[in-house]
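# Structural overview
The primary structure of each chain is shown beneath.
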Amino acid sequence: MTHFSRKLLSTTLAGLFALAGSAWAQTAPDDAQIAGIVVAANQVDIDAGKLAQKMTKEKEVKAFAKQMVTDHTGVNKQASALVKKLKVKPQESETSKSLKSGGAENIAKLKTLKGKEFDKAYIDHEVTYHQTVIDALDKTLIPNAKNAELKDTLVKTRPAFVAHLEHAKKLQASMQ
């Protein structure tokens with residue numbers, strides 16, 4: 001992984017690492033913040049997927065990007081419907097702001113890359129991003145969700161993140 005990739009990943013994932021880390025034990029997110037984090041995390045992946053669909057020439061990367069847009073859009077629709085039903089408004093937090101900022105930085109850097117360099121940077125980011133989201137789900141989001149329906153939705157969406165991670169790892173291995 002290049003110096004840039006490490007720097008970009010650390011910036012993009014800072015919010016999720018903080019979320020999954022012990023610092024959150026004292027200031028655990030509430031349901032409104034969890035909803036905001038879920039929406040932000042999905043939107044970051046939707047935006048990167050849309051860019052990848054436009055930029056890549058590789059059939060497998062394009063298909064993966066399309067799946068990311070479709071699946072994460074679906075999760076956000078589910079989350080939006082649930083929070084509306086529960087009358088909970090997704091709330092900004094330092095984590096959701098950090099995710100958005102890191103996502104914007106990722107997009108800006110990806111736009112400077114082409115060809116195999118773009119594909120590798122995109123897929124490397126997807127591997128790390130999905131692993132970090134899974135860790136945040138397991139260590140912070142699911143355990144701190146107070147509403148049973150919200151917690152159930154998080155639990156039910158976790159397998160999709162695992163499947164995305166495995167798919168991204170396979171693509172990453174094929175690029176080595």
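Report on the accompanying structure. Everything numeric here is computed off the predicted structure, so don't read it as measured data.

## Quick notes on the overall build of the protein chain
Across its full length, the protein chain carries six helices and zero strands. Its helices and strands in sequence order give the protein chain the pattern α-α-α-α-α-α, from N to C terminus. When contacts within the protein chain are restricted to residue pairs at least 6 apart in sequence, long-range pairs at least 24 apart make up 84% of them. Counting every atom, the protein chain has about 9,000 Å² of accessible surface; 57% of that belongs to carbon and sulfur.

## Some remarks on the packing of helix 2 (residues 31-55) against helix 6 (residues 148-175)
Running from N to C, helix 2 and helix 6 point in directions that differ by 25°, and their axes come no closer than 12 Å. One way to sum up the angle between helix 2 and helix 6 is to call them roughly parallel. Considering how the two elements wind past one another, helix 2 and helix 6 form a crossing that is left-handed. Facing D31, I34, V38 and N42 of helix 2, the residues of helix 6 in contact are L150, L154 and F161.

## Quick notes on the pattern of salt bridges
Counted by the stated rule, this structure contains six salt bridges. Of the charged contacts, one joins K120 and D124 as a salt bridge, the two residues approaching to 2.8 Å between their closest N and O atoms. Pair noted here: K120 and D124 are both in helix 5 (residues 115-144), with a separation of four residues, about one helical turn. Owing to a relative accessible area of 5%, D124 belongs among the buried residues under this scheme.

About the criteria used
- Residues numbered from 1 in each chain as written.
- Predicted model: local features only at pLDDT ≥ 70, side-chain atom pairs only at ≥ 80, totals over all residues.
- Heavy atoms only, no water.
- Helix = DSSP H or I, 4+ residues; strand = E, 2+ residues; numbered from the N terminus.
- Contact = heavy atoms within 4.5 Å.
- Areas by Shrake-Rupley, 256 points an atom, 1.4 Å probe, with all protein chains shown as cover.
- Axes fitted to C-alpha atoms, helices over the stretch in contact; angles between N-to-C directions.
- Parallel < 35°, antiparallel > 145°, perpendicular 65-115°, else oblique.
- Left-handed = near helix turned anticlockwise from the far one by under 90°.
- Salt bridge = Lys/Arg side-chain N within 4 Å of Asp/Glu carboxyl O.
- Buried < 20%, exposed > 50% of the residue type's maximum accessible area, 1.4 Å probe, protein only.

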